[in-house]
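Tertiary structure, described
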Amino acid sequence: MGRAYQNRKESMAKTSDMKAKVYSKYGREIYVCAKAGGPDPDGNLSLRSLIDRAKKDQVPTHVIDKAIDKAQGGGGEDFSPALYEGFGPAGSMVLVECLTDNPNRTFGDVRQCFTKTKSKIGTPGTVSHMFDHSAIFVFKGDDEEAALDALMEADVDVSDIENEDGMISVFAPNTEYFKAKQALEPLVDEFEVDEIQYLAQNMAPLTGDDLEQFGQLLDLLNDNDDVQNVYHSVEM
């Protein structure tokens, strides 16, 4: 089995209401990215990658354009990133990545999600040291040696590379994201996964009531508009 990562493409919401939440989360992230680094994707590589990912996840163009136009207009909300961490059922580890314009409100809402499911929110550093902050690239291919050679030539600090079922997966520290992507682009027609995630160093299964309770925790967190991503150590 390869390293576990969150495949947004496979977990895209099916109902229109849930899709609207996904679009809203992308819109907020694009707005923040465009406001921080400029609205031109050619000059803002983070924005370009985010737009590419949004399009792959079938986010409508008007949602993307509206977020960029809003960033160009100046003013607007002042969102900041926040990372909350804690323990779910049976000691499972959870990281909650947010964008918020009111940290006190968001922390209270996230804490309530943990409390309602008999889980425990922690202080910074509680579980984050058990996750790797990684750049992940997944693409079709069977020649991992060519990919590794390209990465080595570009002096990329590769954490791991896998070749499984006709898909090559490359893992590198999050700080190596742009360098790794530029090295791989000449070899790749399209990235199936191209993003930065937190990867648990050790995964564990849950069963019975623990698994049901963990699912409830995920549902509550994902229903929160401030929550962008949830990373965890549970084998799903």
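For the structure, check the block above.
Residues numbered from 1 in each chain as written. Predicted model: local features only at pLDDT ≥ 70, side-chain atom pairs only at ≥ 80, totals over all residues. Heavy atoms only, no water.

This part is about the pattern of salt bridges. When charged atoms on two side chains of opposite charge get close, those side chains can pair. Per the stated rule, a full pass over the model turns up eight salt bridges. Linking Asp194 and Lys181 is a salt bridge whose minimum nitrogen-to-oxygen distance equals 2.8 Å. You can see Asp194 sitting in strand E7 (residues 191–200) and its partner Lys181 sitting in helix H6 (residues 177–184), a full 13 residues away along the chain. The same class applies to Asp194 and to Lys181, which are both buried. Linked by salt bridges that have partners in common, Arg28, Asp101, Arg105 and Asp226 make up one network. (Salt bridge = Lys/Arg side-chain N within 4 Å of Asp/Glu carboxyl O. Helix = DSSP H or I, 4+ residues; strand = E, 2+ residues; numbered from the N terminus. Buried < 20%, exposed > 50% of the residue type's maximum accessible area, 1.4 Å probe, protein only.)

A complete count under the given rule lists seven aromatic pairs for this structure. Arranged with centres 6.1 Å apart and planes meeting at 85°, the rings of Tyr31 and Phe79 form a pair that is edge-to-face. Of this pair, Tyr31 sits in helix H1 (residues 16–37) while Phe79 sits in the loop between helix H3 (61–72) and strand E1 (80–87); the two residues are 48 residues apart in sequence, bridging distant segments of the chain. With respect to class, Tyr31 is no different from Phe79; both count as buried. (Phe/Tyr/Trp six-rings, centres within 6.5 Å; stacked < 30°, edge-to-face > 60°.)

Negative charge collects at one region of the surface, where Asp142, Asp143, Glu145, Asp149 and Glu153 lie side by side. Relative to the elements of secondary structure, Asp142 occurs in the loop between strand E4 (131–140) and helix H5 (144–153). By relative accessible area, which is 65% here, Asp142 ends up exposed. (Patch = residues over 30% accessible without salt bridge, like charges linked within 9 Å, V, L, I, M, F, W, Y side chains within 5 Å. Areas by Shrake-Rupley, 256 points an atom, 1.4 Å probe, with all protein chains shown as cover. Lys, Arg positive; Asp, Glu negative; His and termini not counted. Charge placed at Lys NZ, Arg CZ, Asp CG, Glu CD.)

Moving on, we come to helix H7 (residues 208–222). Spanning 15 residues, H7 covers 22 Å between terminal C-alpha atoms, matching the ideal 21 Å at 1.5 Å per step. Burial in H7 covers these residues: Gln213, Phe214, Leu217, Leu218 and Leu221. Buried positions in H7, seen along its axis, are confined to an arc of 145° and lie on one side of it. Pointing more than 90 degrees away from the buried face of H7 are the exposed residues Gly208, Asp209, Glu212 and Asp219. Each element contacted by the buried residues of H7 is listed here: strand E2 (93–100), helix H4 (103–116), strand E9 (227–232) and strand E10 (234–235). (Expected span 1.5 Å × (residues − 1). Arc of directions from axis to C-beta. Contact = heavy atoms within 4.5 Å.)

Looking at the secondary structure, you find Lys70 in helix H3. Placed 31 residues apart in sequence, Lys70 and Asp101 show a C-alpha to C-alpha distance of 16 Å. Here Lys70 is in contact with Tyr31 and Glu77, once residues within four sequence places are set aside.

Approximately 670 Å³ is the volume attributed to the second largest pocket. If you trace the second largest pocket, you find 25 residues lining it, with Glu29, Ser46, Arg53, Glu97 and Ile196 closest to the centre. Going through the elements one at a time, H1, helix H2 (45–56), E1, E2, H6, E7 and E9 are the ones with two or more residues in the lining of the second largest pocket. (1 Å grid on protein atoms, 1.4 Å probe; cavity = no way out; pocket = protein on both sides within 12 Å on 5 of 7 lines; lining within 4 Å. Points joined across faces, edges and corners; volume = space filled by probe spheres on them.)

Turning our attention to the pairing of E1. On a regular strand, each side chain points to the face opposite its neighbour's, so the side chains alternate between the two faces of the sheet. Pairing between E1 and E2: eight bridges, direction antiparallel. Considered in E2, the bridge of Ala82 is made with Cys98. Counting the residues between successive antiparallel strands, the hairpin from E1 to E2 contains five residues, one of them, Ala90, with a positive phi of roughly 55°. Two strands pair when backbone bridges link them, and E1 and strand E3 (residues 120–121) are joined in this way by two bridges, in the antiparallel orientation. Of the residues in E3, the one forming a bridge with Phe87 is Lys120. (Pairing = 2+ DSSP bridges.)

Moving on, we get to the pairing of E9. Burial analysis of E9 places six of its six residues in the buried class, which makes it a mostly covered element. Pairing of E2 with E9, which is carried by five bridges, proceeds in the antiparallel orientation. Bridge pairing links Cys98 to Val227 in E9.

On to the sheet that holds strand E6 (residues 167–173), then. Judged by pairing direction, the sheet is antiparallel, and its four strands sit side by side in the order E5-E6-E4-E7 without closing on themselves. Unpaired on one side and paired on the other, strand E5 (160–164) and E7 mark the two borders of the sheet. Averaged over all pairs of adjacent strands, the angle between their axes in this sheet comes to 20°, without regard to strand direction. Pairing between E4 and E6: seven bridges, direction antiparallel. Note that in E6 the partner of Phe139 across the bridge is Ile168. (Axes fitted to C-alpha atoms, helices over the stretch in contact; angles between N-to-C directions.)

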